[in-house]
Amino acid sequence: MDLKRLEKQSDYRWQIPQSVAMRVPGLLFASEPLLREMDDKVYEQLVNVAQLPGIVGAACAMPDAHWGYGFPIGGVAAFDPEAGGVVSAGGVGFDISCGVRLLHTGLMYAEVLAQQAALAEALYLQVPAGLGSRGRLHLSDRQMDDMLQGGAQWAVAQGYGEAADLERIEEHGCMAGADPSQISQRAKTRQRDEMGTLGSGNHYLEVQRVVAIYDQQAAAAFGLFPDQVKVSIHCGSRGLGHQIGTEFLKKMAVSAKNFGITLPDRELACAPLDSTLGQAYLGAMRGGINCALANREIITHLTRQAFAQLFPQAELPLLYDVSHNTCKEEWHTVKGEKRRLFVHRKGATRAWGPGHPELPEDLRAVGQPVLIGGTMGTSSYVLAGVSSGDSLAWDSACHGAGRRMSRRQATKQWRGEAVIANLRERGIIVRSPSLRGVAEEAPDAYKDVTDVVDAAEHAGLAKRVARLEPIICIKG
Amino acid sequence: MNATSAYWEHFEHSADIGVRGVGRSPAEAFEQAALALTAIVTDPDSVAARTRVPIECQEADLELLFVDWLNAVIYEMATRQLLFARYTVRIDGPLLKAEAQGEPIELQRHRPVVEIKGATYTELKVQQRPDGLWIAQCVVDV
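Residues numbered from 1 in each chain as written. Chains lettered and ligands numbered in written order. Predicted model: local features only at pLDDT ≥ 70, side-chain atom pairs only at ≥ 80, totals over all residues. Heavy atoms only, no water.

Caption draft 1: Summary view of the overall build of chain B. If you tally the helices and strands in chain B, you get three helices and eight strands. Ordered by position from the N terminus, the helices and strands of chain B form the series β-β-α-β-α-β-β-α-β-β-β. For chain B, the C-alpha radius of gyration of 14 Å lies close to 14 Å, the compact-globule estimate for 142 residues. C-alpha extents for chain B along the principal axes are approximately 45 × 30 × 30 Å. Per-residue burial for chain B yields a buried fraction of 65% across its 142 residues. Look at the contacts in chain B between residues 6 or more apart in sequence, and 63% of them connect residues 24 or more apart. Split by element, the accessible area of chain B, about 5,600 Å² in all, is 46% carbon and sulfur. Positive and negative charge centroids in chain B, built from 13 and 21 side chains respectively, lie 6 Å apart. (Helix = DSSP H or I, 4+ residues; strand = E, 2+ residues; numbered from the N terminus. Rg over C-alpha atoms; globule rule 2.2 N^0.38 Å. Buried < 20%, exposed > 50% of the residue type's maximum accessible area, 1.4 Å probe, protein only. Contact = heavy atoms within 4.5 Å. Areas by Shrake-Rupley, 256 points an atom, 1.4 Å probe, with all protein chains shown as cover. Lys, Arg positive; Asp, Glu negative; His and termini not counted. Charge placed at Lys NZ, Arg CZ, Asp CG, Glu CD.)

Structure representation (structure tokens):
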């Protein structure tokens with residue numbers, strides 16, 4: 001990105017000045033090197049998002065931002081329903097409520113190392129991963145609707161997961177306001193065999209080792225200590241979310257002109273929050289969030305079963321579960337005034353600061369755990385929200401490393417066998433049904449997640465708490 | 001490559017991948033682009049054309065019709081667990097009638113790489129090139 005087009009507000013905060021067409025400025029939270037490497041498309045897309053009706057504050061980009069669909073991935077934007085604000089299917093994305101959760105295991109690195117290969121095998125057999133894998137759970141129409149209403153709470157009631165997990169999931173594991181009647185039969189059919197599956201692409205299940213602690217107090221509150229073993233699960237709402245995204249993107253694109261909305265890019269398809277279409281999408285999208293929460297809860301259950309085969313005494317309580325592709329109704333302070341806003345986070349994680357009333361009591365003093373996924377070969381991070389309610393980027397932080405290289409370039413550069421052998425030498429076992437898939441997800445195809453996390457901390461979005469490195473990676 | 005023949009290719013997108021079909025008509029370009037879709041998942045030559053699936057879409061805007069078509073193919077792949085080796089497309093005004101021929105995914109043989117989430121409006125183009133050939137393309141979210 002050409003930095004000459006930006007106004008530097010601080011080393012980690014850069015503004016795109018408001019042009020005539022823009023209703024608000026653009027705001028990029030990143031270091032100079034990250035910005036130089038960032039695609040020019042992020043600039044274009046922020047300028048476009050800033051033109052949408054009812055946008056408040058600024059169109060924001062996180063340090064890991066890259067070229068997305070309409071909205072940049074790593075984009076955050078809030079809309080006011082009282083000011084003609086909109087909801088955008090593109091601003092949420094195809095993988096509704098894709099997210100990350102982190103489980104404790106109570107085990108130390110040395111114990112797991114002794115069983116590393118057996119545990120990798122058990123997890124690979126237990127958790128369906130990759131295209132063509134099917135879940136063992138098949139829902140009737142009635143069960144499907146119950147799942148879409150109930151999310152992880154539904155999963156726990158069905159015997160998947162534990163009640164104690166729910167307090168550690170955003171929205172207590174159940175997104176209110178879901179409307180299964182707004183979700184097409186095609187979307188439900190696409191989900192029929194996919195409950196409890198990981199999916200493919202950048203989705204994974206990893207067994208990780210805590211290798212560094214940056215904030216002792218927050219780490220202790222989160223239950224993170226050196227050499228402990230944790231499990232990270234990254235996946236979303238599977239076929240259901242993809243189909244909801246596909247269908248509403250089209251509905252919004254063709255009706256925009258009826259709402260008097262000029263779209264600078266068709267992919268920015270949106271509808272007024274108070275329109276029938278806007279409300280229909282919110283009802284469907286919230287069902288998609290519940291589907292993702294239920295899915296991660298079922299996968300957690302399967303993970304616990306796999307661990308029980310090798311470590312019968314192990315308990316795997318949930319540290320936290322975050323979603324990074326959502327639109328949520330939240331209250332934020334804007335120029336001293338409390339306003340109800342619809343915050344789109346597309347490849348961005350909500351990051352409540354200390355004292356936020358929606359945090360579980362035992363985490364409230366330190367802020368929300370913000371879970372940042374890495375790559376198969378690099379680190380994942382746990383951050384903590386720091387916002388004091390002044391709504392810096394609407395209490396949001398980054399979500400991952402972000403790709404540096406396209407899938408095509410990656411397969412030209414690496415072979416899956418070599419990537420797996422190389423990681424094995426470094427003590428990491430990768431299990432995946434697809435060698436080409438592994439090559440496409442090679443660690444060096446991604447930006448350095450450490451740079452992204454450093455920038456998030458310096459920009460004041462969140463603070464670093466701990467770093468984890470993979471020891472087993474189940475790749476879809 | 002013979003400039004007058006139909007073909008498909010992938011093009012770069014930072015996080016995902018673009019599909020492009022080229023042919024003597026929009027219908028042929030659509031067929032080729034759908035082959036590019038198969039090629040994201042597996043080598044199309046490894047897929048046998050044993051099962052036939054009819055697909056229909058209706059949409060007046062040719063570009064939106066193209067995205068509808070790819071999304072219909074993605075839906076059939078996902079729900080029937082099929083891969084397609086061959087596509088026959090007819091476009092008559094806003095109506096697209098097609099047949100996709102393929103076979104069930106076999107994990108060992110096809111080694112599917114990645115699941116396709118949906119076709120997007122990013123880099124979406126359906127147009128006739130100066131050489132008379134039609135091009136149909138967009139980015140696909142994987």
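Caption draft 2: Just unusual backbone geometry, in detail. Residues and elements named next belong to chain B. For Arg-111, which is not glycine, the phi torsion reads 45° and is therefore positive. Take Arg-111: it is sitting in the loop between helix H3 (107-110) and strand S6 (118-119). With a phi angle near 55°, Glu-123 is a residue other than glycine that sits in the positive phi range. Mapped onto the elements of the fold, Glu-123 is located in the loop between S6 and strand S7 (125-128).

Caption draft 3: How the structure looks around empty space enclosed by the protein. Evaluation of the coordinates by the stated rule reveals five cavities of 30 Å³ or more. Taken as a whole, the largest cavity encloses approximately 540 Å³ of empty space. Taken together, 36 residues make up the lining of the largest cavity; nearest its centre are A:His66, A:Ile73, A:Asn202, A:His234 and A:His399. Along the lines of polarity and charge, the residues of the lining of the largest cavity split into eleven nonpolar, 15 polar and ten charged. Where the lining of the second largest cavity is concerned, the elements lending two or more residues are helix H2 (62-80) and strand S4 (82-92) of chain B. Top element by residues in the lining of the second largest cavity is H2(B). It accounts for three residues. Class assignment of the residues belonging to the lining of the second largest cavity gives a composition of nine nonpolar, four polar and four charged. (1 Å grid on protein atoms, 1.4 Å probe; cavity = no way out; pocket = protein on both sides within 12 Å on 5 of 7 lines; lining within 4 Å. Points joined across faces, edges and corners; volume = space filled by probe spheres on them. Nonpolar A, V, L, I, M, F, W, Y, C, P; charged D, E, K, R; others polar.)

Caption draft 4: A look at the sheet that holds strand S3 (residues 26-28) of chain A. Residues and elements named next belong to chain A. The seven strands are arranged S1-S2-S3-S4-S5-S13-S12 in an open sheet whose pairing can be described as mixed. The open sheet has two edge strands with one neighbour each: strand S1 (7-10) and strand S12 (325-334). For this sheet, the mean inter-axis angle between neighbouring strands, taken without regard to orientation, is 25°. Pairing of strand S4 (residues 55-66) with strand S5 (residues 73-79) involves five bridges; the strand directions are antiparallel. Bridged to Ile-55 within S5 is Phe-79. Along the sheet, helix H9 (residues 276-310) contacts S12 and strand S13 (337-346); its crossing angle with S12, the most-contacted strand, is approximately 110°. (Pairing = 2+ DSSP bridges. Axes fitted to C-alpha atoms, helices over the stretch in contact; angles between N-to-C directions.)

Caption draft 5: Fine view of the interface of chain B and chain A. Contacts between the two partners involve 42 residues from chain B and, on the opposite side, 42 residues from chain A. Summed over both partners, the interface of chain B with chain A comes to about 3,800 Å²; 51% of that surface belongs to carbon and sulfur atoms. On inspection of chain B and its partner chain A, the count reaches eight salt bridges. A salt bridge links A:Arg408 to B:Glu12; the shortest N-O distance between them is 3.0 Å. Remark: the boundary between chain B and chain A carries 18 residue pairs in polar contact (both at pLDDT 80 or more). (Buried area = accessible area lost by both parts, 1.4 Å probe. Salt bridge = Lys/Arg side-chain N within 4 Å of Asp/Glu carboxyl O. Polar contact = N/O pair within 3.5 Å; in protein donor to acceptor, adjacent residues only side chain to side chain.)

Caption draft 6: The side chain of B:His10, seen in detail. Within the fold, B:His10 resides in strand S1 (residues 7-12). Here B:Ala36 takes part through its backbone oxygen, which lies 2.7 Å from a polar atom of the side chain of B:His10.

Caption draft 7: Representation of the packing of aromatic side chains. All names here are of chain A. By the definition in use, this model includes seven aromatic pairs over all chains. When the ring of Tyr-69 is compared with that of Phe-94, the centres are 6.3 Å apart and the planes differ by 90°; the resulting orientation is edge-to-face. Of this pair, Tyr-69 sits in the loop between S4 and S5 while Phe-94 sits in the loop between strand S6 (86-88) and strand S7 (99-108); the two residues are 25 residues apart in sequence, bridging distant segments of the chain. Ring geometry for Tyr-214 against Tyr-381: centres 6.3 Å apart, planes inclined by 20°, an arrangement best described as stacked. Of the two residues, Tyr-214 sits in the loop between strand S8 (204-213) and helix H7 (216-222) while Tyr-381 sits in strand S16 (residues 380-385), which places them 167 residues apart along the sequence. On the basis of relative accessible area, Tyr-381 is assigned to the buried category, the value being 3%. (Phe/Tyr/Trp six-rings, centres within 6.5 Å; stacked < 30°, edge-to-face > 60°.)

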